[in-house]
2 protein chains.
Amino acid sequence: MTHPDPGPTAEVRSEVLGAVAYGALAAFSRLAADARRAPDLAGRAELASLAAAETARFERVRDELAGRGVDVVDAMAPFVHALDAFAARTTPTDWGEALVAAYVGRTLAVDMVLAGRHSDDEPAAGDLVDRPDAGTGFDAYAERTVAALCVDPRVHDRLGLWGRRLLGETLAAASKVLDAHPAAASALLGTTTRPALFKALKSRHAKRMQALGL
Amino acid sequence: MTHPDPGPTAEVRSEVLGAVAYGALAAFSRLAADARRAPDLAGRAELASLAAAETARFERVRDELAGRGVDVVDAMAPFVHALDAFAARTTPTDWGEALVAAYVGRTLAVDMVLAGRHSDDEPAAGDLVDRPDAGTGFDAYAERTVAALCVDPRVHDRLGLWGRRLLGETLAAASKVLDAHPAAASALLGTTTRPALFKALKSRHAKRMQALGL
């Protein structure tokens, strides 16, 4: 009789959830700051809604961790430095960059967390993550607004480069975090591999960029 | 046969909801900015949760207005200037001030909107407003943290003055908004009067300040 793979330990699961929690809190801060760049109330309200969705995600993960007897602040601590450094390297400088970052950046983050979800029966990080734009109209708003900004070909080119830079920065930051937390990385990846994950991220990023007209 | 008071018109109701919507969006911006002053992750998460609750309130009012065929952006526009001016006059300069503002300021805003709720059978602004700290642990967190800051008597005195200044600024801003929108003011007040409302606000503010040890 063979034993099934016991899967990641409780400690490792909590480590992954800590990364997801701080990712959500950092995304809240980014989106809330970007909301202030909005040229009008409609745009400000769109980013405020996205920011609130990140807080809701944070709260779900916090409650899940609490149910395991783990304090969310302790679980997040190991990821603060790397994710803050990533945020500092990817701070939008104007409204167009903020919209592109919100549109493609969130997809990248969510895809990463969902990567290993089929490898594992226990409800884990993936189930605490909702798809971007779940129930909100942000995608349509961003597509419309970025298209309007891109009538200026210089803006189109600049935002295209920005979107590609975001992919590069994300993969670099993800590599660093996965290297620093090998057990969590293996729990996150499940039955997939890092190159396969990165390939999937690149492919989805290209589709999202195309949907934005970039 | 006498006709019952028809109550405020649909236009006036939408005006009140516009003020509530922008109040919530402005509160989101304030709390999100204050979250960045937090000295630790726990405090940052507390204010992020409050900010998200304001966004949820904004979304409920937005949806209610949409159901009446009114765009939330149009409804908010008349209140932007006055509420932004209020926000600029009451920007916290440190973490203690941010906590006191979140603790007493939200009570004031919510009490104001709830003022006329018994005067009216139709679900209106009051029903779209939840009590502060509904389901979150913010009140307890703020009381604990402010008490710890107030072991320094200079901080205690300064935060006490700050809390009282917030009351004054709130009543002054409320007077201005009520004067500028008489029909909405009368819909908001319902069967109460402005002096009675302000008296109730002062009394509740005193209780909240006491609960904070100020």
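A brief look at the structure comes next. The structure displayed is predicted, hence computed values, not measured ones.

1. Comments concerning the overall build of chain A
Tallying secondary structure elements over chain A gives eight helices and zero strands in all. Listed by position from the N terminus, the elements making up chain A come as α-α-α-α-α-α-α-α. For chain A, buried positions account for 49% of its 214 residues. When contacts within chain A are restricted to residue pairs at least 6 apart in sequence, those whose partners lie at least 24 apart make up 82%. Per element, the accessible surface of chain A, about 10,000 Å² overall, is 59% carbon and sulfur.

2. Points about the packing of aromatic side chains
Evaluated as defined, the whole model comprises one aromatic pair over all chains. When the ring of A:F28 is compared with that of B:F28, the centres are 6.3 Å apart and the planes differ by 80°; the resulting orientation is edge-to-face. With A:F28 in helix α1 (residues 10–35) and B:F28 in helix α1 (residues 10–35), the pair connects residues from two separate chains. Note on A:F28: relative accessible area 1%, which makes it buried. Note that B:R208 overlies the ring of B:Y103, its terminal NZ or CZ placed 3.8 Å from the centroid.

3. Topic: the environment of B:R68
Residues and elements named next belong to chain B. Examined against the element boundaries, R68 turns out to sit in the loop between α2 (41–67) and α3 (72–89). Of the residues examined, R68 reaches a relative accessible area of 25% and is grouped as partly exposed. Of note is the side chain of R68, whose polar atom sits 3.0 Å from the side chain of E64.

4. Remarks on the interface of chain B and chain A
In this complex, chain B contributes 24 residues to the contact, which on the side of chain A involves 24 residues. Across the interface of chain B and chain A, roughly 1,800 Å² is buried in total on both sides, 70% from carbon and sulfur atoms. The largest share of the area that chain B buries against chain A comes from B:F28, B:L41 and B:R44, three residues that together contribute 30% of it. Here chain B and chain A share zero salt bridges between them. In this assembly, chain B and chain A are joined by six residue pairs in polar contact (both at pLDDT 80 or more). Element by element, the count of residues in the side of chain B that touches chain A is highest for α2(B), at twelve residues. Broken down by class, the residue content of the side of chain B that touches chain A amounts to 17 nonpolar, three polar and four charged.

5. What to know about helix α2 (residues 41–67) of chain A
Along its 27 residues, α2(A) runs 39 Å from first to last C-alpha, staying within 8% of the 39 Å computed at 1.5 Å per residue. Looking one or two residues past α2(A), A:G69 carries a phi angle of roughly 80°, positive in sign.

6. Some thoughts on the packing of α2(B) against α3(B)
All names here are of chain B. With their axes 9 Å apart at the nearest point, α2 and α3 run at an angle of 115° to one another. Across from F58, R62 and L65 in α2, the residues of α3 making contact are V72, A75 and M76. Grouping the constituent residues of the contact of α2 with α3 by class yields five nonpolar, no polar and one charged.

7. Points about the packing of α1(A) against α2(B)
Running from N to C, α1(A) and α2(B) cross one another at 60°; their axes reach a closest spacing of 11 Å. With respect to each other, α1(A) and α2(B) are oriented oblique. Where α1(A) crosses over α2(B), the two elements pack in a sense that is left-handed. Residues A:Y22, A:L25, A:A26, A:F28 and A:S29 of α1(A) lie in contact with α2(B), whose contacting residues are B:L41, B:R44, B:A45, B:A48 and B:A51. A class-by-class count of the residues in the contact of α1(A) with α2(B) yields eight nonpolar, one polar and one charged.

The rules behind each value
- Residues numbered from 1 in each chain as written.
- Chains lettered and ligands numbered in written order.
- Predicted model: local features only at pLDDT ≥ 70, side-chain atom pairs only at ≥ 80, totals over all residues.
- Heavy atoms only, no water.
- Helix = DSSP H or I, 4+ residues; strand = E, 2+ residues; numbered from the N terminus.
- Buried < 20%, exposed > 50% of the residue type's maximum accessible area, 1.4 Å probe, protein only.
- Contact = heavy atoms within 4.5 Å.
- Areas by Shrake-Rupley, 256 points an atom, 1.4 Å probe, with all protein chains shown as cover.
- Phe/Tyr/Trp six-rings, centres within 6.5 Å; stacked < 30°, edge-to-face > 60°.
- Lys NZ or Arg CZ within 6 Å of the ring centre and 35° of its normal.
- Polar contact = N/O pair within 3.5 Å; in protein donor to acceptor, adjacent residues only side chain to side chain.
- Buried area = accessible area lost by both parts, 1.4 Å probe.
- Salt bridge = Lys/Arg side-chain N within 4 Å of Asp/Glu carboxyl O.
- Nonpolar A, V, L, I, M, F, W, Y, C, P; charged D, E, K, R; others polar.
- Expected span 1.5 Å × (residues − 1).
- Axes fitted to C-alpha atoms, helices over the stretch in contact; angles between N-to-C directions.
- Parallel < 35°, antiparallel > 145°, perpendicular 65-115°, else oblique.
- Left-handed = near helix turned anticlockwise from the far one by under 90°.

Remember, this is a structural readout, not a statement about activity or role.
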